[in-house]
Amino acid sequence: MQSHQSGVTVVPSTCWECGAICGSLLTVQNERVTKIAPNPAHPASTGAFCIKGIRGAREWTDQAVRLRSPLRRVGDRGSGRFERISWDDALDETAAALRKVRAAHGPLAIAGAVSGAFFSRGLFMALLMRSLGSPNWLINQDLCGGCRGVSQKMTGLDVAGGEDIDNANCVMIVGRNPAIADPPQWMAIKRAKAKGAKIVVIDPFRSPAVEIADLWLRPAPGTDGALALALTHVLIAEDMYSREDVEHWCHGFDALAERVRPCTPEWAQRETGISASDIVTAARVYGEGPSCIVTGHGIDAASNGVQTFRAYECLIGISGNVDRIGGNRRSKKPPGFRTYFDILFDSAFRLPADVEEQRIGAAKFPLWSGPLGFQMACHNPSVIEAILTGNPYPIKALYMSGVNIAVTYPDTKRTIDALKSLDHVVVAAHTMTPTAAWADIVLPKTTTLEEEQVHIHQGGPCVTFTAAAGRPNGDVKSDIEIARGLIERLAADGDADERFLPWRSQAEFNRFLLADSEVDIDLLKKTGFYTFPFEQRNFHSKPFATPTGKIELYSETMASVGHDPLPNYIPPSYRHTTPDIQAIYPLVLQTGLREKSYHHSRFREQAWARKVSPDPIVYIHPKTAEDYGISDNVWIVVEVAGGSGSCRLKAKITDDTLPGVLTTGVGWWLPEAPAPHFGARDVNINHALPYGSRWDRASGSADTRGLACRLELLTDAALSEREET
Ligand SMILES: Nc1nc2c(c(=O)[nH]1)N[C@H]1C(S)=C(S)[C@@H](COP(=O)(O)OP(=O)(O)OC[C@H]3O[C@@H](n4cnc5c(=O)[nH]c(N)nc54)[C@H](O)[C@@H]3O)O[C@H]1N2
Ligand SMILES: Nc1nc2c(c(=O)[nH]1)N[C@H]1C(S)=C(S)[C@@H](COP(=O)(O)OP(=O)(O)OC[C@H]3O[C@@H](n4cnc5c(=O)[nH]c(N)nc54)[C@H](O)[C@@H]3O)O[C@H]1N2
Ligand code: SF4
Ligand SMILES: [Mo]
């Protein structure tokens, strides 16, 4: 669907600024993308799009502050002084530094950090590390969708993104804010509502979805596990589950029934604050079906996250909604198509078992970091610990691409201390960030408008293509080019093994993904997407990926590593605090509320985004505000139990949040503030959080919400003390 008009081309593509991956139409003139618009023909996004995709991506590519050549640190680390160097020098010096670390401490002392294997840069980082002989790569999924990832793997339900919202009679939205986080999903929910579907929202905060909800259940933060077990209790007690699925496709139903017997709606009311009658109503609406559950980050990234997800997935499992029209569809792909996960776990690209066993986190979190793990990535806080203490062994070099860990990892102070103490730090980024400021070498990256990508979108489902529509604007390179550049330099002396990352370009890699499938890359490029036929309920030809081949309500894998094999309710951290801690930290903090104009820490330098959202906001209930003498728009400082720092936030008084609960976002820093912190120790909520007073037993996730906290009004004196940040 390319059209040419006086040197102007419209190229079908896909935005991948975030995981929603929306179909786009790019207007290209003189090899520059001049306009980005939604593609209404795209089967997954159906014309949905957002301002980040329209403005963020383009400014990201063209803005003056974009990094356009590699940089070498000239002053002390963190001094903010860099000089421009050539790519050859940057890659030669990085390769030499990695070789030195490898010689002195062994390959395990090298680690790579990235967002995860949902994007190609995540896979390339894992494979680059493997080529160097290191199993140590850090993903941010412990803070993102990791609890769901582990839970789905244990239960055997790979249903993320496969919600068949359009055909559902009930859409249950749990800890998800689709209006901001996922426009295609939000569009589908509104379509379903218009067709008469019942919308049930489970969220302590009044998210936009509450406006269209038939039922809004408002749990106390972090108590969703209790609610899910009670919903299951009602479904079983009222005989509203699928006998057929339970008999043929579920493992451990009797044990689950036994587990939820005491989890009555009245019990859950005490735990969650939701009335027992609302719980019963929700269970009946869900039980009628077909129903799909849309889960989100609101119940993830928490120290009880895996068990909470397990409870919801068991509910899906017994309700007959697995792979049902209008239910939760399992992931689909064209036969022969290779996903990033397929490659991540492919034995051809794996390190020897005795090396993988040494991955940091593997011993303590086998379901996260071990061979059974979700993406087999490190336990991040344990890596920070290893950098600082040398335990269990030293980590001396860190390469980061597509992450801004000085803002997005909890405990900013400790993260920065770790960055300071490394022998060598390399960051691939588009702009100078609070993380890149600590680098020895900064590598300027191509943007999403300059890189070709192939994704599967479960929403269609379809294969969707991102065109490298614009000529790179600067002396920049893609992740695969950087990885290959390093591998080639190191392989010459036997310090890297090219077999782990054999593709020389993104295009070659993309052809590998499609090589054994029916998908024709040229056709895919022409349309921007490829819709493939798929089968619902193909349980015989594609059994559930668990030891029993069934949906494991009772997880054999969890039992084998000594974890609770049945879904369980673990009360949130703030309910575990001692009375003296509670006296100091009487409030509860929720972080992570998404904003329209930002993707986490991204776009903070863009004027349009700052105009839409100029300040870091914290939502405070009128009753709480009254208790503390706080009025609208005053600045406060928040501290968290166990944290090493604090965060400055602007108060907005509203009953959108519960009494005693502070709700805020994530990702704030101030590009205009002084280097190296750029406000990361001032307005960044992660400066207040600990990275693990309590970790999820399976995913190793720390709490990003449900944290005991306190607040103080910001005085002028306190503000001037913060100025250095
Ligand atoms: N504009 C924009 N879009 C984004 C992003 C972005 O930064 N900006 N980030 C992307 C990424 S990486 C992610 S992971 C997704 C995340 O997006 P979502 O999955 O939607 O997650 P959140 O926005 O963190 O939270 C969703 C809802 O969970 C609620 N919540 C908080 N605590 C609880 C709780 O204890 N129980 C329940 N039931 N609900 C709770 C919040 O109030 C919120 O309304 O968004 C993606 N989309
Ligand atoms: N307290 C708290 N902490 C959280 C969260 C929370 O809710 N609360 N949310 C968590 C979640 S869900 C997530 S996903 C993480 C996000 O954590 P990060 O991934 O660290 O955050 P981003 O700001 O999205 O991206 C960071 C950097 O990626 C680079 N980047 C952007 N696009 C590209 C690209 O195309 N290629 C490459 N190589 N680099 C690119 C930019 O340089 C940017 O600075 O934060 C987590 N941290
Ligand atoms: S939601 Fe916005 S940023 Fe995310 S993929 Fe879609 S258009 Fe891009
Ligand atoms: Mo995320």
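Residues numbered from 1 in each chain as written. Chains lettered and ligands numbered in written order. Predicted model: local features only at pLDDT ≥ 70, side-chain atom pairs only at ≥ 80, totals over all residues. Heavy atoms only, no water.

- An unreviewed UniProt entry lists the chain under the name Acetylene hydratase, from Variibacter gotjawalensis.
- Database annotation for the chain, UniProt heading Sequence similarities (unreviewed entry): "Belongs to the prokaryotic molybdopterin-containing oxidoreductase family." (UniProt positions renumbered as here; feature names shortened; annotations may be inferred.)

## Quick notes on the site of ligand 1
Then, in step 1: In the vicinity of ligand 1 there are 29 residues, among which Arg 176, Asn 177, Asp 203, Asp 224 and Tyr 598 approach most closely.
Then, in step 2: Ile 202 has a polar backbone atom sitting 3.0 Å from a nitrogen atom of ligand 1.
Then, in step 3: At 2.6 Å, a side-chain N or O of Asp 203 approaches an oxygen atom of ligand 1.
Then, in step 4: Compared with its free state, where it exposes 920 Å², ligand 1 has 92% of that area covered by protein.
Then, in step 5: Here the residues of the shell around ligand 1 sort into 10 nonpolar, 11 polar and eight charged. (Near = heavy atom within 4 Å. Polar contact = N/O pair within 3.5 Å; in protein donor to acceptor, adjacent residues only side chain to side chain. Areas by Shrake-Rupley, 256 points an atom, 1.4 Å probe, with all protein chains shown as cover. Nonpolar A, V, L, I, M, F, W, Y, C, P; charged D, E, K, R; others polar.)

## So, the UniProt feature "domain: 4Fe-4S Mo/W bis-MGD-type" (unreviewed entry) in the chain
Then, in step 1: In the numbering adopted here, UniProt assigns the feature "domain: 4Fe-4S Mo/W bis-MGD-type" (unreviewed entry) to residues 8-64.
Then, in step 2: For residues 8-64, the end-to-end C-alpha separation is 24 Å, with 21% helix and 37% strand making up the annotated structure. (Helix = DSSP H or I, 4+ residues; strand = E, 2+ residues; numbered from the N terminus.)

## Some thoughts on the site of ligand 3
Then, in step 1: Near ligand 3 you find Cys 15, Glu 17, Cys 18, Ala 20, Ile 21, Cys 22, Phe 49, Cys 50, Lys 52, Gly 53 and Pro 183, and these make up its full shell.
Then, in step 2: For the shell around ligand 3, the per-class residue count stands at eight nonpolar, one polar and two charged.

## Re the domain arrangement of the chain
Then, in step 1: If you check the domain split of the chain, you get domain 1 (71-146 + 334-529), domain 2 (159-329 + 541-560) and domain 3 (573-724).
Then, in step 2: Between the C-alpha centres of domain 1 and domain 2 the distance comes to 34 Å.
Then, in step 3: Considering only the side of domain 1, the residues that lose the most area to domain 2 are Cys 144, Leu 367 and Gln 458, jointly responsible for 48% of the buried surface there.
Then, in step 4: Across the domain 1-domain 2 interface, the total number found is zero salt bridges.
Then, in step 5: Counting across the interface, domain 1 meets domain 2 through three residue pairs in polar contact (both at pLDDT 80 or more).
Then, in step 6: In terms of residue class, the side of domain 1 that touches domain 2 is made up of five nonpolar, five polar and one charged. (Domains from an automatic or database assignment. Buried area = accessible area lost by both parts, 1.4 Å probe. Salt bridge = Lys/Arg side-chain N within 4 Å of Asp/Glu carboxyl O.)

## Thoughts on unusual backbone geometry
A negative phi holds for most residues other than glycine; trans holds for most peptide bonds.
Then, in step 1: Each neighbour pair has its own omega, and for Gly 289 with Pro 290 the value is -10 degrees, a cis peptide bond.
Then, in step 2: The omega angle of the peptide bond from Gly 460 to Pro 461 is -10 degrees, so this bond is cis rather than trans.
Then, in step 3: Take Pro 461: it is sitting in the loop between strand S17 (453-457) and strand S18 (462-466).
Then, in step 4: In the Ramachandran plot, Glu 31 falls in the positive-phi region, its phi being about 60 degrees despite a non-glycine side chain.
Then, in step 5: Position of Glu 31 among the secondary structure elements: in the loop between strand S3 (23-29) and strand S4 (32-38).

## Looking at the sheet that holds strand S10 (residues 198-202)
Then, in step 1: The parallel open sheet is built from four strands, whose spatial order is S11-S10-S9-S13. Two strands lie at the open edges of the sheet, namely strand S11 (215-217) and strand S13 (291-295), each paired on one side alone. Along the sheet, successive strands turn relative to each other by an average axial angle of 15 degrees, direction set aside.
Then, in step 2: Sheet contacts for helix H11 (residues 276-288): strand S9 (170-174), S10, S11 and S13; angle to S11, the most-contacted strand, approximately 125 degrees. (Pairing = 2+ DSSP bridges. Axes fitted to C-alpha atoms, helices over the stretch in contact; angles between N-to-C directions. Contact = heavy atoms within 4.5 Å.)

## Quick look at the environment of Ala 257
Then, in step 1: By the element assignment, Ala 257 lies in helix H9 (residues 253-260).
Then, in step 2: What makes Ala 257 buried here is its relative accessible area of 13%.
Then, in step 3: Sequence separation of Ala 257 and Met 558 is 301 residues, and the distance between their C-alpha atoms is 18 Å. (Buried < 20%, exposed > 50% of the residue type's maximum accessible area, 1.4 Å probe, protein only.)

## As for the layout of surface pockets
Then, in step 1: In this structure, the second largest pocket spans a volume of roughly 450 Å³.
Then, in step 2: If you go around the second largest pocket, you meet 23 residues; those closest to its centre are Phe 205, Leu 593, Arg 594, Glu 595 and Tyr 619.
Then, in step 3: Each residue belonging to the lining of the second largest pocket can be placed in one class, and the counts come to 10 nonpolar, six polar and seven charged.
Then, in step 4: Counting the residues that make up the lining of the second largest pocket, at least three belong to each of domain 2 (159-329 + 541-560) and domain 3 (573-724). (1 Å grid on protein atoms, 1.4 Å probe; cavity = no way out; pocket = protein on both sides within 12 Å on 5 of 7 lines; lining within 4 Å. Points joined across faces, edges and corners; volume = space filled by probe spheres on them.)

## Focus: the packing of aromatic side chains
Then, in step 1: Per the stated rule, a full pass over the model turns up 22 aromatic pairs.
Then, in step 2: Members of the aromatic cluster, each reached through a chain of ring pairs, are Phe 124, Tyr 340, Phe 349, Trp 503, Phe 509 and Phe 512.
Then, in step 3: Over the ring of Phe 512 we find Arg 338; its NZ or CZ atom is 4.2 Å from the centre of that ring.
Then, in step 4: The cationic tip of Lys 477 hangs over the ring face of Trp 87; the distance from NZ or CZ to the ring centre is 5.2 Å. (Phe/Tyr/Trp six-rings, centres within 6.5 Å; stacked < 30°, edge-to-face > 60°. Lys NZ or Arg CZ within 6 Å of the ring centre and 35° of its normal.)

## Re the sheet that holds strand S25 (residues 661-664)
Then, in step 1: The six strands lie next to each other as S21-S25-S22-S24-S23-S26, forming a closed barrel whose pairing is mixed. Shown here is a sheet whose adjacent strand axes are inclined to one another by a mean of 45 degrees, direction ignored.
Then, in step 2: Direction of pairing for strand S23 (residues 635-640) relative to strand S24 (residues 647-653): antiparallel, over a ladder of four bridges. The partner of Val 638 across the bridge, within S24, is Cys 647.

## Let's talk about helix H19 (residues 506-514)
Then, in step 1: Among all positions in H19, only Gln 506, Phe 509, Asn 510, Leu 513 and Leu 514 are buried. For H19, the buried positions fall inside an angular range of 135 degrees around the axis, keeping them on one side. (Arc of directions from axis to C-beta.)

## Some points on the side chain of Thr 435
Then, in step 1: With respect to the helices and strands, Thr 435 occurs in the loop between strand S15 (424-429) and strand S16 (441-444).
Then, in step 2: For Thr 435, a relative accessible area of 0% corresponds to the buried category.
Then, in step 3: Polar contacts involving the side chain of Thr 435 include one to the side chain of Asn 404, which spans 2.6 Å.
Then, in step 4: Dropping the residues within four chain positions of it, Thr 435 is found in contact with Met 400, Val 403, Asn 404, Ile 405, Ala 406, Leu 419 and Val 427.

## Side note on the packing of helix H7 (residues 224-237) against H11
Then, in step 1: Two elements in contact, H7 and H11, have axes separated by 9 Å at closest approach and are oriented at 65 degrees. Between H7 and H11 lies a crossing of right-handed hand. Where H7 abuts H11, its residues Leu 227, Ala 230, Leu 231, Val 234 and Leu 235 lie against Ile 279, Val 280, Ala 282, Ala 283, Tyr 286 and Gly 287.
Then, in step 2: The residue makeup of the contact of H7 with H11, split by class, is 10 nonpolar, one polar and no charged. (Left-handed = near helix turned anticlockwise from the far one by under 90°.)

## Details of empty space enclosed by the protein
Then, in step 1: For the coordinates displayed, the defined rule picks out eight cavities of 30 Å³ or more.
Then, in step 2: A volume near 110 Å³ is recorded for the largest cavity.
Then, in step 3: What lines the largest cavity is a set of 16 residues, among which Pro 221, Gly 222, Ala 302, Asn 304 and Arg 705 lie closest to the centre.
Then, in step 4: Of the residues in the lining of the largest cavity, the class split is four nonpolar, eight polar and four charged.

## A few points about the side chain of Thr 664
Then, in step 1: Relative to the elements of secondary structure, Thr 664 occurs in strand S25.
Then, in step 2: Residue classification places Thr 664 among the buried positions, given a relative accessible area of 3%.
Then, in step 3: In this structure, Thr 664 is in contact with Leu 589, Gln 590, Thr 591, Gly 592, Leu 593, Ile 617, Val 618, Leu 649 and Ile 685, ignoring residues within four places of it in sequence.

## Considering the packing of H7 against helix H12 (residues 305-318)
Then, in step 1: Running from N to C, H7 and H12 point in directions that differ by 20 degrees, and their axes come no closer than 8 Å. With respect to H12, the axis of H7 lies roughly parallel. For the crossing formed where H7 meets H12, the hand is left-handed. Across the interface between the two elements, Asp 224, Gly 225, Leu 227, Ala 228, Leu 229, Leu 231, Thr 232, Leu 235 and Ile 236 of H7 pack against Thr 308, Ala 311, Tyr 312, Leu 315 and Ile 318 of H12.
Then, in step 2: Of the residues contributing to the contact of H7 with H12, the split by class is 10 nonpolar, three polar and one charged. (Parallel < 35°, antiparallel > 145°, perpendicular 65-115°, else oblique.)

## Examining the pairing of strand S7 (residues 110-113)
Then, in step 1: Residues of S7 alternate between two faces, with Ile 110 and Gly 112 on one and Ala 111 and Ala 113 on the opposite face, all of them buried.
Then, in step 2: Looking at chain direction, S7 and strand S8 (residues 137-138) are connected through two bridges and run parallel. Residue pairing in the sheet places Gly 112 in a bridge with Trp 137 of S8.
Then, in step 3: Once the chain exits S7 it traverses helix H3 (residues 120-132) before rejoining the sheet at S8, and the crossover so formed is right-handed. (Right-handed = clockwise from strand over helix to strand, strands pointing away.)

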